[in-house]
Amino acid sequence: MAFISSGYNPEKPMENRITDIGPREYKEFLPPIIEKNFGKWLYHEILEPGLLMHKAESGDEVYTVRCGGARLMSVTHIREICDIADKFCDGHLRFTTRNNIEFMVDSLDKAKELKKFLNEQKFAGGSYKYPVGGTGAGVTNIVHTQGWVHCHTPATDASGTVKATMDVVFEEFQNMRLPAPVRISMACCLNMCGAVHCSDIAILGIHRKPPMIDHKVLDNICEVPLAVAACPTGAIRPTKVEIDGKSYKSVAVKEERCMFCGNCYTMCPAMPLSDKEGDGVALMVGGKISNRITKPAFSKVVVPFIPNEPPRWPTMTKVIKQILDAYAEDARKYERLGDWANRIGWERFFEKCGLEFTEHLIDDFRDPAYYTWRQTTQFKF
Amino acid sequence: MAKHKTPLLDQLESGPWPSFVSDIKLECENRAKNEKGVEFQIPADCPEDLLGVLELSYVDGETHWKHGGIVGVFGYGGGVIGRYCDQPEMFPGVAHFHTIRVNQPSGKYYTTEFLRQLCDLWEFRGSGLTNMHGATGDIVFIGTTTPQLEEIFFELTHNLNTDLGGSGSNLRTPATCLGMSRCEYACYDTQALCFNLTNEYQDELHRPAFPYKFKFKFDGCPNGCVASIARSDFSVIGTWRDEIRIDQEAVAGYVGGELAPNAGAHAGRDWGKFDIQKEVIDLCPSECMCYEDGKLSINDKECVRCMHCINTMPRALRIGNDRGASIFVGAKAPILDGAQMGSLLVPFVKVDAGNDYQEIKDIVEGIWDLWMEEGKNRERLGETMKRMGFQKIIEAAGVPFDVRQVQEPRTNPYIFWKAEDVEGGWDRDIVEYRKRHQQ
Ligand code: HEM
Ligand code: HEM
Ligand code: HEM
Ligand code: SF4
Ligand code: SF4
Ligand code: SF4
Ligand code: SF4
């Protein structure tokens, strides 16, 4: 493995340096039919699950085939996607916000052929490579974060929980029979890099044990003021500890103030908090982004904790399916999951979904908590 | 022959949904075969070690990654995230395994030529594993070693003509919906604005000088496909302020059943015959629609542009002609004081490419000046707003106060009057006062 230089000279880092050039201009990459009709689209139709037609003022029609996939993808896989785009779409494609892939062609026949081809491709292990779907009133791909694959604070895995969930709701990815779209999101700790807080259903990794403190190590490696400042609830203070007659500069954590966010571990590797028994997932529901009919809304915690059960998280996926089925059965057309819960009342929501309401679901975090308690005589028995 | 046994991960190969495990295994095989004779610059078997360490996490129920250590490229304060494995002897291929964020093109359109160039680079100098895309929108390269960082940056800028994305307390890589490129609802050119602002603010993107991260996101209409109102400190959402364009013939087509409602989005279930009264008129949140004698009318002055009727009958109804955008500020995830949606700062602004979007840039820069002055360390704009009051942000942005900025007026009368608000100011003479009032 000989080192091969790119041309960069470490002695003179500024030599030939190019910086601040920004991304490639998107116009370079637009398929010709898209470029031609840019800003001149009349309407669209979802012809069948995963197959869209957009009609332009010019009369042109572009057919889009949308397929799902794991966002963690290898260059081998991307090259295969390129082969498909070369074969069917003159070397153009796009990705959607929710990690779907879109192939665009100029006739319905080609689109159908492409859809068939995509649905035929499988991995050696048996799963689809490019399942077509993710449109309309169904479940589309899950947006998620890194999890155990590549982050230091996760309370669960992301790719695994997502795969397990999508397997269970797969039919809804390939159908459009729900009352409205259902957006599922996943984030692997409270920091919510994926910002799952406005999803119809959110899977959220949570820790339940405060950080451990490795005092002997901490003294050497930790910038104590940074760790103190990192704690959002001010639970950390500097202190001295005595171990075997030796004194160490360290920190103390006021454990009853800890919200289990892991920020201290980001600053200080001597404060790990992951724990097999302590960690798991919470489920939140009823958020939305779109302004359609009702306002955008935050998701609410309806299951405070489910233990991690790798590799397939059966309890978690069972509860998700339960919620989805109750919604599909009971909600009105156009009603998003949260709108349905608001209409029937959350007391009914718990009943219909077969979920238990516990003390942990009553908000007690700072000012906004008050606004979630009931201040009316109107409620249902 | 796999380097590590992965019985738990292997169970994620079955089931219909595309398996990331199968994909990584494919990459392992290809790197082992190395048919093209690539001189891998980091361990060829690193994907094997990634599976190994992930399997260990599946057994332990705990992550095996550490943070720690600032790495990056010269002159940039973001774009690279240091990542180290806490079992380097067992998994040497991923001992140092840093993330590189590459700025994606607006709307995520690609040519296969460009994608293949990215693949070649990342196979040669990295793990060959990516996220297409990260949650913010970047192309995410997962896993390389420190000596490769400058080399990759050099190749990206010299050969691929592209730059890194953001990380740390800086402007994060802006993201946009596909907008006018393929959506009839787009009220402005989201891609052009995104591209323009990304280039205008390269310094802010690469050199952290903010109290904390700052995100721009651009949605072409209130459907919000990139979730800007929930996920960005500065969210620009397309809107219009004149009339929804109605094609009465097409309305009749929907009522008569010739046209599929909702562009077919609900076609998978038999919801019965389309009922315009029940499904459109009655669900309009501002109750501003009416269907009588086969004619649809909208009282546009009262319409709140929720998109429902347009989404339901896209061939009959189109967005208005006087188009622009609303600007929302301060959205963030729940850490710490709770989640915040973006709050409406500017009800309407023309999105004017001719003027190089100067009006929008003035607003951005006004807000940044205040936030950089007053924001505490690791305080998102939304939190600064809550602490200082929305008025301060509105003033800093240099835009007028407007009743649209609130859902309802305040319920407490604790108004922080300033001396200059009050006739005669606050300087008073107690001696004069005592002449009127005894002690
Ligand atoms: C102090 C709190 C936080 C810490 C320590 C943190 C840490 C991290 C780290 C280490 C990564 C990179 C994971 C990797 O690729 O190796 C990451 C990714 C990311 N973070 Fe955070 N984060 C924090 C808060 C947040 C918040 C509040 C947001 C959103 C508002 C956010 C948004 C993101 C996004 C979008 C990514 C990319 C995630 C992905 O696509 O996988 N982060 N964060
Ligand atoms: C009929 C009306 C709608 C049309 C024509 C439409 C169009 C689109 C388009 C073109 C995209 C791809 C955007 C991109 O990746 O940049 C998209 C994605 C998305 N839209 Fe919409 N949208 C509609 C309604 C909605 C509504 C009502 C919601 C929310 C309830 C919504 C939420 C989303 C989300 C979350 C995505 C990402 C989906 C994915 O990447 O698979 N959209 N939509
Ligand atoms: C300079 C400050 C204040 C003045 C001059 C003031 C004056 C008064 C007066 C004159 C009354 C009517 C008493 C009556 O019925 O004869 C009253 C009632 C009351 N005040 Fe205040 N007050 C002040 C501050 C406050 C504050 C700070 C609070 C709460 C923390 C408060 C709470 C109340 C309540 C609860 C009542 C009874 C209202 C009722 O009739 O239901 N007041 N106050
Ligand atoms: S959500 Fe938490 S654990 Fe997951 S990638 Fe972000 S910081 Fe890491
Ligand atoms: S986990 Fe979060 S709340 Fe708990 S001590 Fe660490 S920084 Fe503070
Ligand atoms: S946000 Fe609006 S304009 Fe943008 S893709 Fe979605 S529906 Fe179209
Ligand atoms: S856009 Fe919404 S508020 Fe406006 S007329 Fe249509 S349904 Fe009513």
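Higher on the page you've got the structure.
Figured I'd write up the structure that's included with this text. On a predicted model such as this, the values are computed, not experimentally measured, just so you know.

**Comments concerning the pairing of strand β7 (residues 139-142) of chain B**
All names here are of chain B. Of the two faces of β7, both are covered, the one formed by Ile139 and Phe141 as well as the one formed by Val140 and Ile142. One ladder, built from 4 bridges, connects strand β4 (residues 99-102) with β7; its direction is antiparallel. Within β7, the residue paired with Val102 across the bridge is Ile139. In terms of strand pairing, strand β6 (residues 129-132) meets β7 through 3 bridges, oriented antiparallel. Among the inter-strand pairings, Thr130 is bridged to a residue of β7, identified as Phe141. Counting the residues in the hairpin turn of β6 and β7 gives 6 residues, including Gly137, whose phi is positive at 130°.

**Describing the pairing of strand β8 (residues 201-206) of chain A**
All names here are of chain A. When you tally the buried positions in β8, you get 6 out of 6 residues, the bulk of the element. The two faces of β8 match: Ile201, Ile203 and Gly205 on one face and Ala202, Leu204 and Ile206 on the other face are all buried. Note: strand β7 (residues 184-187) against β8, 4 bridges, orientation parallel. Within the sheet, the bridge partner assigned to Met186 lies in β8 and is Ile203. Sheet topology places β8 next to strand β11 (residues 280-285); 6 bridges connect them, and they run antiparallel. By the bridge assignment for β11, Ile201 is matched with Val285.

**Re the site of ligand 1**
Near ligand 1 lie 23 residues; those nearest to it are A:Arg71, A:Cys193, B:Ala135, B:Lys213 and B:Arg378. Between A:His150 and ligand 1, the recorded distance is 2.8 Å, taken from a backbone N or O atom to an oxygen atom. Put simply, the parts of the chain that give the shell around ligand 1 at least two residues each are α8 (263-267) of chain A together with β4 of chain B. Classifying every residue of the shell around ligand 1 by side-chain character gives 6 nonpolar, 10 polar and 7 charged. There are two domains that each give the shell around ligand 1 at least three residues, and those are domain 1 (7-158) and domain 2 (175-241 + 323-421) of chain B.

**Description of the interface of chain A and chain B**
Contacts between the two partners involve 136 residues from chain A, matched on the other side by 142 residues from chain B. Taking both sides of the interface into account, the surface hidden between chain A and chain B amounts to around 12500 Å²; carbon and sulfur atoms contribute 60%. At the boundary of chain A and chain B, one finds 10 salt bridges. A salt bridge links A:Asp20 to B:Arg207; its shortest N-O distance comes to 2.7 Å. Among the elements that take part in the side of chain A that touches chain B, helix α2 (residues 75-89) of chain A stands out by supplying 9 residues, more than any other. Here strand β5 (residues 92-95) of chain A runs beside strand β5 (residues 109-111) of chain B; their pairing, made up of 3 bridges, is antiparallel. Paired with A:His92 across the two strands is B:Thr111, which belongs to β5(B).

Parameters and conventions
- Residues numbered from 1 in each chain as written.
- Chains lettered and ligands numbered in written order.
- Predicted model: local features only at pLDDT ≥ 70, side-chain atom pairs only at ≥ 80, totals over all residues.
- Heavy atoms only, no water.
- Buried < 20%, exposed > 50% of the residue type's maximum accessible area, 1.4 Å probe, protein only.
- Helix = DSSP H or I, 4+ residues; strand = E, 2+ residues; numbered from the N terminus.
- Pairing = 2+ DSSP bridges.
- Near = heavy atom within 4 Å.
- Polar contact = N/O pair within 3.5 Å; in protein donor to acceptor, adjacent residues only side chain to side chain.
- Nonpolar A, V, L, I, M, F, W, Y, C, P; charged D, E, K, R; others polar.
- Domains from an automatic or database assignment.
- Contact = heavy atoms within 4.5 Å.
- Buried area = accessible area lost by both parts, 1.4 Å probe.
- Salt bridge = Lys/Arg side-chain N within 4 Å of Asp/Glu carboxyl O.

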